[in-house]
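Next come the chains, spelled out residue by residue.
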Amino acid sequence: MQVSRYFINSAKISALKIALVSDVHDRDFGAAQSSLSEEEPDIIALAGDITNKRMSGNSAAEKVFRSCAEIAPSFFCPGNHEYAFAASDRKACEEAGVCFLDDEFVSREGVFIGGLRSGCRGEKCRRSSVSPEPRTEWLTAFDRQNGFKILLSHHPEYYTRYIRHLDIDLILSGHAHGGQIRLFNRGLFSPNQGFFPEYTKGVYDGRLVVGTGLSNTAGIIPRFNNPAELVMIKITGSRDRK
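None of the values given here were measured: they were computed from a predicted structure.

Trainee: How would you explain the environment of serine 131 if you had to name every residue and give the values?
Mentor: Residue position: serine 131 is located in the loop between strand S7 (111-116) and helix H4 (139-143). Between the C-alpha atom of serine 131 and that of asparagine 192, which follows or precedes it by 61 residues, the distance is 5.1 Å. In this structure serine 131 touches His155, Glu157, Tyr158, Arg161 and Asn192, once residues within four positions along its chain are discounted.

Trainee: A description of the environment of arginine 144 should follow, citing residues and the corresponding values.
Mentor: With respect to the secondary-structure elements, arginine 144 resides in the loop between H4 and strand S8 (148-153). According to the relative accessible area criterion, arginine 144 is exposed, its value standing at 65%. Along the chain, arginine 144 and leucine 166 lie 22 residues apart, while their C-alpha atoms are 9.1 Å from each other.

Trainee: Could you give me a rundown of unusual backbone geometry, with the residues and numbers involved?
Mentor: One non-glycine residue with positive phi stands out, namely aspartate 49, at about 55°. Relative to the assigned elements, aspartate 49 resides in the loop between strand S3 (43-46) and helix H2 (59-71). The residue glutamate 109 is not glycine, and still its phi comes out positive at about 50°. Checked against the element boundaries, glutamate 109 lands in the loop between strand S6 (104-108) and S7. Judged by its relative accessible area of 87%, glutamate 109 falls in the exposed class.

Trainee: Which residues make up the pattern of salt bridges, and what are the values?
Mentor: Per the stated rule, a full pass over the model turns up 11 salt bridges. Taking the shortest distance from any N to any O, the salt bridge between lysine 12 and aspartate 167 comes out at 3.7 Å. Taken together, the residues lysine 12 in the loop between strand S1 (2-9) and strand S2 (15-21) and aspartate 167 in the loop between helix H5 (158-163) and strand S9 (170-173) connect sequence positions 155 residues apart. When its relative accessible area of 42% is taken as the criterion, aspartate 167 is described as partly exposed. When the shortest N-O distance is used, the salt bridge between lysine 149 and aspartate 167 registers 3.5 Å. Of this pair, lysine 149 sits in strand S8 while aspartate 167 sits in the loop between H5 and S9, and the two are 18 residues apart along the sequence. Given the relative accessible area of 0%, lysine 149 is considered buried.

Trainee: Lay out a nonpolar patch on the surface in plain terms, naming residues and giving numbers.
Mentor: On the surface, a nonpolar cluster with roughly 400 Å² of combined accessible area is contributed by Leu183, Phe184 and Phe224. Here phenylalanine 224 lies in the loop between strand S17 (221-222) and strand S18 (229-236).

Conventions we followed
Sequence order as written defines residue numbering, which begins from 1 separately in each chain. The predicted origin of the model limits local features to residues at a pLDDT of at least 70 and limits the giving and counting of side-chain atom pairs to 80 or more, whereas totals for whole chains, interfaces and linings rest on all residues. The side-chain values count all of the structure's non-hydrogen atoms but skip hydrogen atoms and water molecules. What counts as a helix is a DSSP run of H or I of at least four residues, what counts as a strand is a run of E of at least two, and both are numbered from the N terminus. The criterion used for residue contact is that any of the two residues' heavy atoms lie within 4.5 Å. Burial classification: accessible surface area is computed with a 1.4 Å probe over protein chains only, and a residue below 20% of its type maximum counts as buried, one above 50% as exposed, and the rest as partly exposed. Definition used for salt bridges: Asp or Glu carboxyl oxygen within 4 Å of a side-chain nitrogen of Lys or Arg. Only residues whose relative accessible area exceeds 30% and that form no salt bridge are eligible for patches; like-charged ones are grouped when within 9 Å, while nonpolar side chains (Val, Leu, Ile, Met, Phe, Trp, Tyr) are grouped when within 5 Å. Note that accessible areas follow from Shrake-Rupley with a 1.4 Å probe, and for residues the cover is restricted to the protein chains shown.

This is the structure we're talking about:
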């Protein structure tokens, strides 16, 4: 596992350290947990596919949520693998100490944090070139908030269609698994983006951050030149990057 670090400047906030966790898929979380403890983030953003299908009764998922909540205020929005999440799963998440964001937003000390849930609801997403349409009506109210705004959106391909035109300062995504196989610093394939996808790893437009995820495989295709990744993002109001 590698730790990737990105720096983003904003006039809206003095300093904020955010950890992006995505695509754990019920795999071992020990290394990431240790790194998170050492990093001491102000916020942990769990941007989807932490588990596969459900959380209730899932000890692996519960460990991730509880571990994160013990380190820093943590926020979670479901990804495509959490298509079957129900009221009981939300309750389990909240009992673990994590704020569950289902097409809604909250305010914490002047920072607004929202979660755009995957359009996969009630049935498994197909690996097509077009991702399912999310519910975006609530984004209008989120866009109008006066302050630094963070949006958890598991699908990075949602950015172009639904988010780019909005006044949102930071969008945090996963899903693409770094393109699974990386050649010449570019991903080969991503669900819902197809071959040579646009958004797989790094910072785009100075505000969309895509993590490659913390699980080592996607289906039967192993990752190549593409280690599992914990992402640390430092927001600062100055150019100081210490």
